[in-house]
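# Per-entry structural report
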Amino acid sequence: MLVLRDEVALAIDRAQKALDDARREMKARDETLQAIAAAEADQRTQALQTVLDALVASLKPRGFDRKKFQSRIALAGRDTPNSSPAAIRHAIYLAEARKVLGIDPNASA
């Protein structure tokens with residue numbers, strides 16, 4: 001009977017260790033996901049700022065210079081990497097530029 005209790009206690013200890021390890025892994029994974037989300041949010045903010053800067057630079061005393069705006073957005077797109085968290089900027093440039101230009105942002109490109 002004593003041997004069985006020892007085996008049960010050992011199994012409980014192993015299960016507790018496995019649970020602790022899983023909790024540590026989940027915490028590390030959550031921290032990583034939060035860091036990625038924060039980086040993407042920062043990139044989205046920067047992309048919106050770029051679109052606003054392009055809009056302001058394209059305003060003339062008598063109106064809006066569409067070609068200048070489109071040129072500045074295209075340049076920003078060329079300067080933006082296609083990988084890493086910064087790649088999210090491309091989607092923002094497209095959607096927000098379409099709004100500024102009066103094009104349905106949900107329409108296919």
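The following paragraphs examine the structure supplied in this document. Note that the coordinates shown come from a computational prediction; the quantities given were computed from them, not determined experimentally.

Now for helix H1 (residues 2-57). Counted at 1.5 Å a residue, the expected span for H1 with its 56 residues is 82 Å, and the 82 Å between its end C-alpha atoms agrees. In this fold, the buried residues of H1 make contact with helix H2 (66-79) and helix H3 (88-101).

Counted according to the given criterion, the structure contains four salt bridges. For the salt bridge of arginine 24 with aspartate 21, the shortest nitrogen-to-oxygen distance reads 2.4 Å. Placement of the pair is arginine 24 and aspartate 21 together in helix H1, with a separation of three residues, close to one helical turn. Given a relative accessible area of 52%, arginine 24 falls into the exposed group.

Moving on: H2. Helix length check: H2 (14 residues) gives 20 Å between terminal C-alpha atoms against 20 Å at 1.5 Å per residue, within 8%. Looking only at H2, the buried set comprises Phe69, Ile73, Ala76 and Gly77. With its buried residues spanning 100 degrees around the axis, H2 presents them on a single face. Those residues of H2 that are exposed and angled more than 90 degrees off the buried face are Lys67, Arg78 and Asp79. Tucked into the core, H2 has its buried residues touching H1, strand E2 (63-64) and H3.

This part covers the environment of aspartate 42. Within the element layout of this structure, aspartate 42 appears in helix H1. Given the relative accessible area of 39%, aspartate 42 is considered partly exposed. For the pair aspartate 42 and proline 85, spaced 43 residues apart in sequence, the C-alpha separation works out to 9.1 Å. A distance of 2.9 Å separates the side chain of aspartate 42 from the side chain of glutamine 46, its partner in a polar contact.

About the cut-offs
- Residues numbered from 1 in each chain as written.
- Predicted model: local features only at pLDDT ≥ 70, side-chain atom pairs only at ≥ 80, totals over all residues.
- Heavy atoms only, no water.
- Helix = DSSP H or I, 4+ residues; strand = E, 2+ residues; numbered from the N terminus.
- Expected span 1.5 Å × (residues − 1).
- Contact = heavy atoms within 4.5 Å.
- Salt bridge = Lys/Arg side-chain N within 4 Å of Asp/Glu carboxyl O.
- Buried < 20%, exposed > 50% of the residue type's maximum accessible area, 1.4 Å probe, protein only.
- Arc of directions from axis to C-beta.
- Polar contact = N/O pair within 3.5 Å; in protein donor to acceptor, adjacent residues only side chain to side chain.

Purely spatial values, then, with no claim about function.
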